[in-house]
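Commentary on secondary and tertiary structure
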Amino acid sequence: MAGGFGGGGGEAIAGRAEQYEGKITGYFILACIVGSFGGSLFGYDLGVSSGVTAMDDFLIKFFPDVYARKSAHLHETDYCKYDNQVLTLFTSSLYFAGLVSTFAASHLTKRRGRRATIMVGAVSFFLGGAVNAAAANVAMLIVGRLLLGVGIGFGNQAVPLYLSEIAPYNIRGAVNQLFQLTTCLGILVADVINYFTDKIHPWGWRLSLGLAMGPATAIFVGALFLPETPNSLVEMGKLEEARRVLEKVRGTRKVDAEFEDLKEASEAARAVRGTFRNLLAVRNRPQLIIGALGIPAFQQLSGMNSILFYSPVIFQSLGFGNSAALYSSIITGSMLVVGALVSMVVVDRLGRRFLFIEAGIQMISSMVVVAVILALKFGHGEELSKGVGTVLVVAICLFVVAYGWSWGPLGWLVPSELFPLEMRSAGQSVVVCVNLFWTAAVAQCFLAAMCHLRWGVFILFAALIVVMSIFVILLLPETKQVPIEEIWMLFDKHWYWKRIVRKDPKYQGHHHQMAAAAAGGAKSGSSEV
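These notes cover the structure that comes with them. Numbers given for residues are sequential positions, taken from 1 along each chain in its written order. It should be noted that, the model being predicted, local features are given only for residues of pLDDT at least 70 and side-chain atom pairs only at 80 or more, the latter also being counted only at that level, while totals for whole chains, interfaces and linings use all residues. To obtain the side-chain values, all non-hydrogen atoms of the structure were used and water was disregarded.

In terms of helices and strands, the chain carries 26 helices and zero strands. Note on contacts: a residue pair qualifies if any of its non-hydrogen atoms lie within 4.5 Å across the two residues. Considering only contacts in the chain between residues 6 or more positions apart, those separated by 24 or more positions represent 82%. As displayed, the chain offers around 19100 Å² of accessible surface, 67% of which is attributable to carbon and sulfur atoms. The way it works is that DSSP assigns letters per residue, a run of H or I at least four long becomes a helix, a run of E at least two long becomes a strand, and they are numbered from the N terminus. Reported accessibility uses the Shrake-Rupley method at a 1.4 Å probe radius. Residues are deemed covered only where the shown protein chains occlude them.

In the sections that follow, a salt bridge refers to a side-chain nitrogen of Lys or Arg positioned within 4 Å of a carboxyl oxygen of Asp or Glu. Tallied over the entire structure, the rule returns 12 salt bridges. The residue Lys 110 makes a salt bridge to Glu 235 at a minimum N-O spacing of 3.1 Å. Taken together, the residues Lys 110 in helix α5 (residues 85-112) and Glu 235 in helix α12 (residues 230-235) connect sequence positions 125 residues apart. Exposed residues in this analysis have more than 50% of their type's maximum accessible area, buried residues have under 20%, and partly exposed residues fall in between, with area computed by a 1.4 Å probe over protein chains only. Relative accessible area serves as the criterion here: at 27%, Lys 110 is assigned to the partly exposed category. A salt bridge links Arg 243 to Asp 256, with the shortest nitrogen-to-oxygen separation between them at 2.6 Å. Residue Arg 243 is found in helix α13 (residues 239-250), and its partner Asp 256 is found in helix α14 (residues 256-270); the two are separated by 13 residues along the sequence. Three or more residues are tied together by salt bridges with common partners; here these are Lys 110, Arg 114, Glu 165 and Glu 235.

What follows deals with helix α16 (residues 285-301). Turn by turn, an α-helix covers 3.6 residues, leaving residues three or four places apart pointing in a common direction. Its axis deflected by about 40° at Gly 294, α16 carries its strongest bend there, up to four residues before the proline Pro 296. Counted residue by residue, α16 has 14 buried out of 17 residues, so it is predominantly covered. Looking one or two residues beyond α16, the residue adopting positive phi is Gly 303, at roughly 95°. What we call the bend at a residue is the angle made by axes fitted to the seven residues finishing there and the seven residues starting there.

Let us look at the nonpolar core. By nonpolar core we mean a set of buried residues, namely Ala, Val, Leu, Ile, Met, Phe, Trp, Tyr and Cys, connected to one another through side-chain atoms within 4.5 Å. One finds Phe 58, Ile 290 and Trp 407 to be the most contacted residues of the largest nonpolar core, which totals 132 residues. Tallying contributions element by element places helix α22 (residues 424-453) first for this core, with 11 residues. All domain edges in this entry derive from an automatic or database-based domain assignment. Among the domains, domain 1 (23-226) and domain 2 (278-504) are the pair contributing at least three residues each to this core. Discounting chain neighbours no more than four positions away, the residues touching Trp 407 are Ile 295, Phe 298, Gln 299, Phe 356, Met 363, Met 468 and Val 472.

Let us now look at a nonpolar patch on the surface. Where nonpolar side chains cluster on the molecular surface, the patch consists of Val 123, Phe 126, Leu 127, Phe 220, Val 221, Leu 224 and Phe 225 and spans about 610 Å² of accessible area. Secondary structure elements with two or more residues in the nonpolar patch: α6 (114-133) and α11 (213-223). Here the element with the most residues in the nonpolar patch is α6; it accounts for three residues. Summarising the element assignment, Phe 126 is placed in helix α6. Exposure above 30% relative accessible area and no salt bridge define the residues that can form patches, which grow by joining like charges within 9 Å and nonpolar side chains of Val, Leu, Ile, Met, Phe, Trp and Tyr within 5 Å.

For the rest of this paragraph, the subject is empty space enclosed by the protein. The rule is simple: put a 1 Å grid over the protein atoms alone, call a set of points where a 1.4 Å probe fits but cannot get out a cavity, call an open set with protein on both sides within 12 Å along at least five of seven lines a pocket, and count a residue as lining if it has an atom within 4 Å of a point. Grid points are joined across faces, edges and corners, and a volume is the space filled by probe spheres set on the points. Enumeration according to the criterion identifies six cavities of 30 Å³ or more in this entry. Approximately 120 Å³ is the volume attributed to the largest cavity. Around the largest cavity, the lining comprises 14 residues; the ones closest to its centre are Tyr 20, Ala 167, Arg 250, Glu 258 and Ile 484. Every element with two or more residues in the lining of the largest cavity is listed here: α7 (138-166) and α14.

Moving on to unusual backbone geometry. Of note, the bond from His 201 into Pro 202 is cis; its omega dihedral lies within 30 degrees of zero at 0°. Along the chain, Pro 202 falls in the loop between α9 (178-197) and α10 (204-210). Not every positive phi belongs to a glycine, and Gln 481 is a case in point at roughly 65°. Checked against the element boundaries, Gln 481 lands in the loop between α23 (456-475) and α24 (488-493).

With that out of the way, let us pick up the environment of Leu 233. With respect to the helices, strands and loops of the structure, Leu 233 is situated in helix α12. Judged by relative accessible area, Leu 233 falls into the buried class, the value being 2%. With 33 residues separating them along the chain, Leu 233 and Ser 266 place their C-alpha atoms 9.8 Å apart. If we skip the residues at most four places from it in the chain, Leu 233 touches Glu 228, Lys 238, Glu 241, Ala 242 and Val 245.

Turning our eyes to something else, we now look at the packing of α16 against α23. Axes here refer to lines fitted to C-alpha atoms; in helices the fit is confined to the stretch in contact. Angles between the N-to-C directions go from 0 to 180 degrees. Two numbers describe how α16 lies on α23: the axes approach to 10 Å, and their chain directions differ by 155°. Our classification of the angle between α16 and α23 gives roughly antiparallel. You can see that α16 and α23 cross each other, and the crossing is left-handed. Residue-level contacts link Ile 289, Ile 290, Gly 294, Ile 295, Phe 298 and Leu 301 of α16 to Phe 461, Leu 464, Val 467, Met 468, Phe 471 and Leu 475 of α23. Residues are grouped as follows: nonpolar covers Ala, Val, Leu, Ile, Met, Phe, Trp, Tyr, Cys and Pro; charged covers Asp, Glu, Lys and Arg; every other residue, Gly included, is treated as polar. Grouping the amino acids of the contact of α16 with α23 by side-chain chemistry returns 11 nonpolar, one polar and no charged. Angles are sorted into four bins: roughly parallel if under 35 degrees, roughly antiparallel if over 145, roughly perpendicular if 65 to 115, and oblique for all others. Here a crossing is called left-handed whenever its near helix is offset anticlockwise from the far helix by less than a right angle, and right-handed whenever the offset is clockwise.

In C-alpha cells, the structure reads:
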C-alpha cells in the first residue's frame, strides 16, 4: 500500500526487538488497569455534560431562554432549539482549560514522571466535580468546568504515554487502547446515570455532575500503588530502579536488550536541547505533521464529539422525547464500547492503517445517509416517523461503532507511538493541546452550525472524513509490532518521508548511531545464545 508497510511492520526494522523477553504478569495487569482508568475521567465528562444540557431542571436554573425555546418546539423538530453560545461555553470551557494546562503537565511528566501527572489530574478533576455539583450560578459552573479541564489536560497528557511505555511492544496497541475503552465506559456510565437522574427533580443534574468525584478518587488512590514506567525512570536517571521495575513488569530478569534500548534512547534524549523547538526540526517533520497536528485535529473534525456532546440534544431536536433522547444516548454509548473492544482485539493483527481506512468508508456512508434523510424528511415542523427515526439512530450507531474502533482509540495510540523519547512528553503535550483546541472549537460551533447549515453540517463532516482517510493512506506508516524506541526507523523507509528526513544533517548521524547500536545489540545477543 502507498503509505507504508503492509505486513507486520517489525520485519522491516533492524533492532533488538527479537531479543525482548517477558510475559504478562499480574503486576503489569494491575498497572494497566489503574493507568487506563485515566480515560474514565474524559469519558464521564463527555457523557455527563451532554445529558445534563438536555435536562429541563438544569436549563430552567441556568439557561431559561433555551428552555423556553425548547418548550415552544416540544412536539416538533427544529434545528435551532439549543443554539445558545453560553450553553455551548459550558461544554467547551473545559477543553480550553485542558489545552492550556497540558503544557504544565508536560513539564511535570518529564521532571516527576507519568504517575505524578496522573495523580495531579485526578485531584483537579475531583475539585471540578465538587464545584459543579454545588453550582449556584453560571460562573460557578464555568469555574468547575475549568478545574475539570485541568484534570483532563493532565490525564490525557500522561495516560497514553504511560500505557504505551509500560506495554510489551507486540501488544502495545491493545494495551494503549485501554485508555479509549475506559473513555467509552465512562461515557456509557454517564449516559445511564443521566437517564435515571433526569427523573430526580429538581436536583438530579447535581448528582450527575457530582459523581465525577468517584472516578477521580479511584484513580488517585490506585495511582499510589502504580509503578512509574521504566522509560520515565531512565529519563530521570534512576537506572537501578528502572531495571527493577522492568524486571517486575516483564516477569523475568532477562531484560538486557530492552533495557539497553531504553538507556540508548535516554542518552540520545539528553543530548537534545529545546524539546519543543526540536519538534520543528526537519528530521522530526513526520512526527510533527502526523502525530502532533494531523491525527489529533482530524479525530475531532470527524464529527464524533459533536454526537457525543450533544446526542441527547440532537435526538430531541429530531423530535425524540426527553427520555427517548437519553435512552438513544445509551445506545450510542454502548456502540462506542463495542467499537473499542473490537479495536483492542484486532489492532495488533490487522494494523492501524486498515482500521483507519475501513472505518473511514463506514463513517462517510453513515454521514451521507443521515444528511439525505434530514434533507428529505426533517425541518418541516413535523415529528419524524418511527421508521425514519429508527434509520437515523442506526446510521448514527454505525458511525459511532466505526469511530470506536478507529479514530477514537487510534487518535491517542498512534501519536503516543511516534515520538522518540527526547520529545515524547513535549510531543504528547502538543497532541493534547491540538486535540482539545479542536474539541473546544467543535463543541462551541456545532449547535450554531446545525442551526445555520442544517443537514449540510453532516455533509461537511463526511467531506472531512474523506480528507482524513486520504491523509492516512498517503502519509502514515504501519506501526504494529514495532518496538516504541525503533519506530523512528519507519520514516527512513517510507516512500514519502524518507525524502524529507534525510535532508536533515543531524538525522544522518543519529540514524547511523542508532542503527549501529541496534546491530551491535543483535550481534551481542546472538553470541550469548
